[in-house]
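Each chain, letter by letter, is given below.
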Amino acid sequence: MKVLLVGSGGREHALAWKLSKSRLCKHLYIAPGNPGTAQYGTNVDIADTDIPAIVKYAQSKKIDFVVVGPEDPLAQGIVDDLAGVGIKAFGPSKQAAQLEADKGFAKDVMRSNAIPTAEGRVFDNFSDVQSFISSRDSALVVKAAGLAKGKGVFVCDDPDEALIAAERIMKEGIFGQAGNELVVEEKLVGQEVSILAFVDGRTIYVMESSQDHKPIGDGDTGLNTGGMGAYSPAPVLTDKLMDQIQREVLVPIIDGMNRNDTPYVGILYAGMMLTAGGPKVLEFNVRFGDPETQPIMMRLKSDLLEVMLATVDGTLDKVTLEWDTRPSVCVVMSSGGYPGSYENGKVIAGIDRAEALEGVKVFQGGTEVNEDAQLVTKGGRVLGVTAVGDTIALAQELAYKAVKLIEFDGAYCRSDIAAKAIK
Ligand code: AMP
Ligand code: GLY
């Protein structure tokens, strides 16, 4: 079949790699893709948010199946629009995608289904936020309710800091419309894990666990990013905790979405904090995580396209996935200055040397080929250097050995990805 993958990040490079290996995939197109995805199919110059152009292209090429990587097109209703012209697509409907696109909606669904999450409130005007924050004396988390590329969350140590964050989001408008509403909630303490599951509306198939590293600095310090590295599996997640998360979070959210007439199909990603009071939801995402997808795809042995088709066809109950038992670690190399401003166009060298190491793959996130046919940086998170090893320590060592072989001006990475899993 002909498959069209939508997106252009490191996640899409990893998905393109796995989709291209499927026995069912005759040709893969990627809109817009990046130089990494071009190794596995045809990049098509259409922005991932240009839904009418994607739908038109899919019709003209007689695409059989569309896989949507990022949240923006899902929130805009790409799956509904493709269904409208009879093309099957992997991902939730516009309504169901609100679980990520509107943190206020997500809080409501969690509240009405008694799903454990941080205590919080949703605000749509600044004077209410101001009086709420001023009445508090503890650490608070302030979040833009809309989509902000993973950067819309400020974890604040005290109410003064929270007030500054609220002002920047709501009054200065640093995230644009995404900050018209705010969520202010209690700060949770614990280890974070990412739980990703295929969901066909009824059946939930949980993938191997992973852990992201959101802050820019070592030891989880500094501003939040889209994710600076990830590993899989996350050893803190015992079978008992996994059962509890299934029972208290995944099953009730899928039931709740059905009761709301917004049935959920696609990837459900639950970002969880393992607190002393039990696992609590930090956020839901409606797609694969980036960079979690990179180590997860390194470990998936089964045919990705088959399981995606089963998800859309409602036959997930017949699927069994096989995994490489060896752990995997992904270290993100970013542009100097990210998540603030940074320069593009830095020449990247050494990916071939890194990939010559057994067990290493370098997924490209923010890259392009310039006029002189050189691979250069184009974005904050440039590469996801990913390795498998017999132990998590060996996978970590190999990933950092590969990182050292790659160069571009201003390259930055955290030096402690997966350290928590080893400790
Ligand atoms: P979110 O996009 O909501 O997952 O938030 C991004 C990151 O901010 C999370 O991965 C956490 O590291 C942190 N965070 C979000 N909500 C909270 C919270 N209530 N308590 C502590 N940290 C949080
Ligand atoms: N890595 C976090 C995310 O994809 O939202």
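The preceding data block contains the structure.
No experiment lies behind these values; they were computed from the predicted model shown. (Residues numbered from 1 in each chain as written. Chains lettered and ligands numbered in written order. Predicted model: local features only at pLDDT ≥ 70, side-chain atom pairs only at ≥ 80, totals over all residues. Heavy atoms only, no water.)

K.L.:
How do you make sense of helix α13 (residues 392-404) when you look at a structure like this?
P.N.:
An α-helical turn contains 3.6 residues, so any two residues separated by three or four positions project in the same direction. Here α13 contains 13 residues, and its C-alpha end-to-end distance of 19 Å stays within 8% of the 18 Å for a straight helix at 1.5 Å per residue. Taken residue by residue, α13 has I392, A395, Q396, L398, A399, Y400, A402 and V403 as its buried positions. Contacts from the buried residues of α13 go to β15 (229-232), β18 (328-334), α12 (351-355), β19 (360-364), β22 (381-388) and α14 (419-422). (Helix = DSSP H or I, 4+ residues; strand = E, 2+ residues; numbered from the N terminus. Expected span 1.5 Å × (residues − 1). Buried < 20%, exposed > 50% of the residue type's maximum accessible area, 1.4 Å probe, protein only. Contact = heavy atoms within 4.5 Å.)

K.L.:
Would you mind showing me how to read the nonpolar core here?
P.N.:
Proteins that are soluble and globular tend to have nonpolar side chains buried together. One finds L99, I195 and L383 to be the most contacted residues of the largest nonpolar core, which totals 77 residues. Contacts of L99, omitting those with residues within four sequence positions, involve F105, A106, V109, I253, M257, Y264, L268, F284 and V286. V3, C25, L300 and M308 belong to the second-largest nonpolar core, a separate cluster that totals 37 residues. (Core = buried A, V, L, I, M, F, W, Y, C linked by side-chain atoms within 4.5 Å.)

K.L.:
What should I look at first to understand the site of ligand 2 in this one?
P.N.:
Every residue near ligand 2 is listed here: D212, K214, G226, Y269, N285, R287, G289, D290, P291 and E292. Within the backbone of G226, an N or O atom sits 3.3 Å from a nitrogen atom of ligand 2. N285 places a side-chain nitrogen or oxygen 3.2 Å from an oxygen atom of ligand 2. Protein contacts shield 95% of the accessible area of ligand 2, which totals 200 Å² for the unbound molecule. A per-class count over the shell around ligand 2 returns two nonpolar, three polar and five charged. (Near = heavy atom within 4 Å. Polar contact = N/O pair within 3.5 Å; in protein donor to acceptor, adjacent residues only side chain to side chain. Areas by Shrake-Rupley, 256 points an atom, 1.4 Å probe, with all protein chains shown as cover. Nonpolar A, V, L, I, M, F, W, Y, C, P; charged D, E, K, R; others polar.)

K.L.:
What is the right way to read the pairing of strand β2 (residues 27-32) from this model?
P.N.:
Every other side chain in a regular strand lies on the same face of the sheet, so the side chains alternate between the two faces. In this structure, strand β1 (residues 2-7) lies alongside β2, joined through six bridges in parallel fashion. Residue pairing in the sheet places K2 in a bridge with H27 of β2. In this fold, β1 hands off to helix α1 (residues 10-20), which returns the chain to β2; that crossover is right-handed. The pairing of β2 with strand β3 (residues 42-43) spans two bridges and is parallel. Following the sheet pairing, I30 is matched in β3 by N43. (Pairing = 2+ DSSP bridges. Right-handed = clockwise from strand over helix to strand, strands pointing away.)

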